[in-house]
Amino acid sequence: MPSHVLTFVPGEGLKSSIPVTAGTPGAFGDVRIEPSSDRRRLIITRPLASTTNLFTRPSDEGVIMSSDLGAILRQDDVVSGIGVYSNLYYGAPVSPCTPIEGVTCVHGGCVTTIDHLGRIENVIRDPASLAPPAGLPTGPHATLDAQADAIENALGARMMERLDAAPADARALLMFSGGADSSLLAVILRRIAPDRTLLVHYTRWADDEETAAARAIADELGLPIKVVGEGDIEGRPVLDDVADVYPFPFGDHSAIPTARVVRAALSVAGPNDVFFDGIGADGAFGLFGRIAQWERVARLPRPAKRIASGAFRLARAWEREPGPLRHLRVLRKALDASPISAALGQNCLFDILYDHRTPWRTTVDREITRWSEIVLPDGDSAVRLAATDLSHVCATVFAQKSKPIIENAGRHVDYPFMSSGVMGIALQHAAKWPDAKTPKAALRHALGRELPHHLAQRRKVGFTIRMTKEFARPDFLDRFRSLTDHASPLSGFLHRPRIERLGELMKNSRELPVQTQYFAFGVVFLDQWLRDGLG
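As a starting point, this report considers the structure included with it. Residue positions within a chain follow its written sequence, with the count starting from 1. Where local features are concerned, this predicted model is filtered to residues with pLDDT of at least 70; where side-chain atom pairs are given and counted, the filter is 80 or more; whole-chain, interface and lining totals use all residues. Side-chain descriptors were evaluated using all non-hydrogen atoms of the structure, hydrogens and water having been removed beforehand.

### Thoughts on the overall build of the protein
The helix and strand tally for the protein stands at 21 helices and 14 strands. In terms of overall dimensions, the protein has C-alpha extents of about 60 × 55 × 50 Å along its principal axes. Only protein chains enter the accessibility calculation, which uses a 1.4 Å probe. A residue is then buried if its area is under 20% of the maximum for its type, exposed if over 50%, and partly exposed in between. Taken across its 535 residues, the protein has 59% of its residues classed as buried. Contacts in the protein between residues at least 24 apart in sequence constitute 74% of all its contacts with a sequence separation of at least 6. As presented, the protein carries roughly 21100 Å² of accessible surface, and 50% of it is formed by carbon and sulfur atoms. Strands are runs of DSSP state E lasting at least two residues, helices are runs of H or I lasting at least four, and both sets are numbered from the N terminus onward. Any two residues having at least one pair of non-hydrogen atoms within 4.5 Å are treated as being in contact. Residue-level accessible areas treat just the shown protein chains as cover; the underlying method is Shrake-Rupley with a 1.4 Å probe.

Below is the structure:
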C-alpha cells in the first residue's frame, strides 16, 4: 500500500501525497491534524493508545509527516544515538525520540502544537483519550460482578460498533491464544455475534498445552476454531524487507509467531471481515500492583545500585538465566531510572551489549515521566504506569506485530481493550477497585461466570516460540554477525566483543535469558529496518 505523506506549508495549509482514505481530511486513522487559524502552526491530536504513530520533520517547503517513518527518510540521514538507545532498551521509539536525527514522533494522549520549522511548541493533555461510560462502579466497595459487567459492556459496545460499521456479511475473526484476554473477547462475541465469529489459534509445536486449552475453551463456548501451525502458512520471514512491512522499528520476538497466525487468519478471511485482538488487557488491568516493587528499589542508595549493576556485568548474567543473581538485574534496571521507566525497560543490557550514555538514559526517562504527568496530572504512580504501558508498549510494540500485516492486506484490526471507553474504566476507576493489585481480577471473574474454573483461572504461558532454534538458523546468524560490519547503521552503538560472543552462544544453541532474547531479536530487527529504510 502506498505511504501517505502530508506536507504542511506555512501560510497555505496541508498538501497530501495521496488521497486520504481513513478518518477526516488531514488525518492518519485516529490521528487528527489541522493547521492553526493563522496557518503558521500544526495542531495534532493523537489518542493515548493510538496504534498509529506520526513522524514529523522539517523540509524546504515546511513540515512533512507520515505514519510510516520510512516514507520521510533520506539517504543522507544520520542515525540518532538516543533513538537507538530508546529502541533497544524500551523496544520502540519513546516520543519524541526516533532512530533518525531531525525526525520526531508525536506523543499519544496529547494535543501537540508544532511550529512552521517542525519544532514542538506545546504539549497538553487530550481529555477525549479517556471516555469511560457513565454509571460505573467506583471506590473500594465495587463488587467483582459490577466490575466484570462494566468491562464486558464496554468491550461489547466497542466490538458491536466495529461490526455494525462493516457490511452485513462481515465476520469477527479473533486472534485467539486461549488466555484470559482473548477468551473474554470470545465470550462477548458469542453473545453479540455467535454466528459470525471464527477463532484463529496458532499452535507452536506438537502437544502444545496452550492449543489444548484453546480448543477446550472454544468447545465450552460453542465457537468454531481454526488451529494453524508453521507448516500451514506461507509468507516471507519477518526479517525480510522489514521496512516494507512495518512502518517503524520495534523489538519483540513474538512478532514471528504473530506474523504466522495473522497470515493464517488472512488466508481464511472474507473481504469484509473484521479482526479483533486482545492486546492491551495487561496494560489496562494487570499492572496496578507492579509499581510498588520499583518504588522500593528506587529508594535504595545509588551506590548500592551501581555495585549491583557492576556485579551483574562481571558475572556475565546476560549469558544465562540469573537464578540467584536475578535481584542484580532488577537493581541494574533501576539505575538512574524512574520506577516507571525501570518497570517498562525490556532489558538491562545497556553498557554491556549496547551504548547508553547517561544523557540519553536520563533524557528518555525524563520524557516518559513528563508525558505521564501531562496525560494523568491527578493519577498516582500505579495508574501512570498502566497508561504508559498502554501507550508506549501495547500500542507502540505489541499492536505493531499484527496491524501492518493486516492493513497491508486491505483489512482492519481492532484492539478493544485499548478503546477510550475501556481505558477510561481502567485508568479512572479500576485502580480504586478491591483486588486491583491482583492482575486482571475482574477479567478472570468475568470468565469464571462462563467457563469452568480450571479454564478461567489457568496460568497461560507467553505467546512466543522456541527462539533457540530461530537464533541458530543460518539466515538469522548472518544478520546478527553483520551488526559488527562498518556498513551496519548500528555498528557505532554496539559493543563488538560481546556481540560476537552472543553470536557464538546462539550458534551453539545456548538457552538465553528472556531479556537477552528480546535484545537479540530487537537489535537485528532495528538494524535490518534501518538498512532497508535508508536504502
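### Some words on the sheet that holds strand β3 (residues 32–35)
Strand pairing follows a simple DSSP-based rule, namely that at least 2 bridges must link the two strands. Sheet architecture is open: 4 strands sit in the order β3-β4-β8-β9, paired in antiparallel fashion. Each edge of the open sheet carries a strand with a single partner, namely β3 and β9 (120–125). Strand-to-strand twist across the sheet, computed as the mean angle between neighbouring axes with direction ignored, equals 15 degrees. Judged from the 6 bridges that link them, strand β4 (residues 41–46) and strand β8 (residues 110–115) form a sheet pairing that is antiparallel. Pairing of T45 across the sheet is with V111, part of β8. In this analysis, axes come from line fits to C-alpha atoms, helices being fitted only over the stretch in contact, and the angle between any two N-to-C directions falls in the range 0 to 180 degrees. On the sheet, helix α12 (residues 358–375) packs against β8 and β9 and is oriented at approximately 50 degrees with respect to β9.

### With respect to unusual backbone geometry
Cis geometry marks the peptide bond from S95 to P96; its omega dihedral reads 5 degrees. Phi angles above zero are rare outside glycine, and D241 is one such case at about 50 degrees. Structurally, D241 can be placed in the loop between β12 (225–228) and α5 (242–245). The exposure class assigned to D241 is partly exposed, which follows from its relative accessible area of 36%. Of note in this structure, D351 is not a glycine but carries a positive phi near 65 degrees. Assignment of secondary structure puts D351 in the loop between α11 (339–344) and α12. A relative accessible area of 27% places D351 in the partly exposed class.

### Section: the pattern of salt bridges
We count a salt bridge whenever a side-chain nitrogen from Lys or Arg sits within 4 Å of a carboxyl oxygen from Asp or Glu. Tallied over the full model, the rule gives 34 salt bridges. Here D414 makes a salt bridge to R162, at a shortest N to O gap of 3.0 Å. Here D414, found in strand β14 (residues 412–414), pairs with R162, found in helix α2 (residues 144–165); they are 252 residues apart in sequence, far enough to count as distant. By relative accessible area, D414 is classed as buried at 2%. Its salt-bridge partner being E367, residue R370 comes within 3.6 Å of it at the nearest N-O pair. Here R370 pairs with E367, and both are found in helix α12, just 3 residues apart, close to one helical turn. Put simply, D145, D149, E152, R190, R191, R449 and E450 are held in one network by salt bridges that share partners.

### So, the pairing of strand β1 (residues 5–9)
Of all the 5 residues making up β1, 5 are buried; the element is thus mostly covered by neighbouring parts of the structure. Of the two faces of β1, the one carrying V5, T7 and V9 and the one carrying L6 and F8 are both buried. Sheet analysis places β1 next to strand β6 (residues 63–66), joined by 4 bridges and oriented antiparallel. The partner of L6 across the bridge, within β6, is M65. The pairing of β1 with strand β2 (residues 13–16) spans 4 bridges and is classified as antiparallel. By the bridge assignment, F8 is partnered in β2 with L14. A loop of 3 residues connects β1 with β2, the two strands running antiparallel in sequence, and G11 in this loop sits at a positive phi of about 85 degrees.

### A word on the sheet that holds β12
An order of β12-β11-β10-β13-β14 is seen for the 5 strands of this open sheet, with the pairing classed as parallel. Of all strands in the sheet, those with a lone pairing partner are β12 and β14, marking the two edges. Between one strand axis and the next, the sheet turns through 25 degrees on average, direction left out of account. The pairing of strand β10 (residues 172–175) with strand β13 (residues 274–276) spans 3 bridges and is parallel. Its bridge partner lying in β13, L174 is registered against F276. Each of β10, β13 and β14 touches α2; the most contacted strand, β13, lies at about 160 degrees to it.

### Regarding the environment of G11
Within the element layout of this structure, G11 appears in the loop between β1 and β2. The spatial distance from the C-alpha of G11 to the C-alpha of R41 is 9.0 Å, given a sequence separation of 30 residues. In contact with G11, other than residues within four places in its own chain, are R39 and R40.

### Quick notes on helix α20 (residues 496–507)
Over its 12 residues, α20 runs 16 Å from end to end, which matches the ideal 16 Å to within 8%, given 1.5 Å per residue. Considered for burial, the residues of α20 that qualify are I499, L502, G503, L505 and M506. Buried positions in α20, seen along its axis, are confined to an arc of 160 degrees and lie on one side of it. Buried residues in α20 make contact with α18 (467–471), α19 (474–481) and α21 (514–534). After α20 finishes, the residue S509 shows a positive phi value of roughly 60 degrees. Here the expected span of a helix is defined as 1.5 Å times the quantity of residues minus one. Summarising the geometry, the arc corresponds to the directions from the helix axis toward the C-beta atoms.

### Considering the packing of helix α3 (residues 180–192) against helix α4 (residues 209–221)
In the contact formed by α3 and α4, the axes pass within 10 Å of each other and the chain directions differ by 20 degrees. When the interaxial angle is binned, α3 and α4 end up roughly parallel. By crossing handedness, the relation of α3 to α4 is classed as right-handed. Between α3, through S183, A186, V187 and R190, and α4, the contact on the second element is made entirely by I217, E220 and L221. Under the grouping applied here, Gly and all other residues not named as nonpolar or charged are polar, the nonpolar ones being Ala, Val, Leu, Ile, Met, Phe, Trp, Tyr, Cys and Pro and the charged ones Asp, Glu, Lys and Arg. For the contact of α3 with α4, the per-class residue count stands at 4 nonpolar, 1 polar and 2 charged. Angles below 35 degrees are treated as roughly parallel, those above 145 as roughly antiparallel, those between 65 and 115 as roughly perpendicular, and all remaining angles as oblique. Each crossing gets its hand from how the near helix is turned against the far one by less than a right angle, where anticlockwise is left-handed and clockwise is right-handed.

### Focus on the packing of aromatic side chains
Here a pair means two rings of Phe, Tyr or Trp (six-membered ring of Trp) with centres within 6.5 Å. Their orientation is stacked below 30 degrees between planes, edge-to-face above 60, and tilted elsewhere. This model, assessed by the stated rule, comprises 14 aromatic pairs. Ring geometry for Y85 against Y90: centres 6.5 Å apart, planes inclined by 85 degrees, an arrangement best described as edge-to-face. Neither Y85 nor Y90 differs from the other in exposure class; each is buried. Measuring from ring centre to ring centre gives 6.2 Å for W360 and F493, while their planes differ by 55 degrees; the resulting arrangement is tilted. Of this pair, W360 sits in helix α12 while F493 sits in the loop between α19 and α20; the two residues are 133 residues apart in sequence, bridging distant segments of the chain. Taken individually, W360 and F493 each receive the classification buried, so the pair is uniform in this respect. Among the aromatic residues, those joined into a cluster by ring pairs are Y85, Y89, Y90, F350, Y354 and F519. Taking the ring centre of F350 as reference, the NZ or CZ of R332 above it sits at 4.6 Å. Sitting over a ring, as applied to charges here, requires NZ of Lys or CZ of Arg to be within 6 Å of the ring centre and within 35 degrees of the ring normal.

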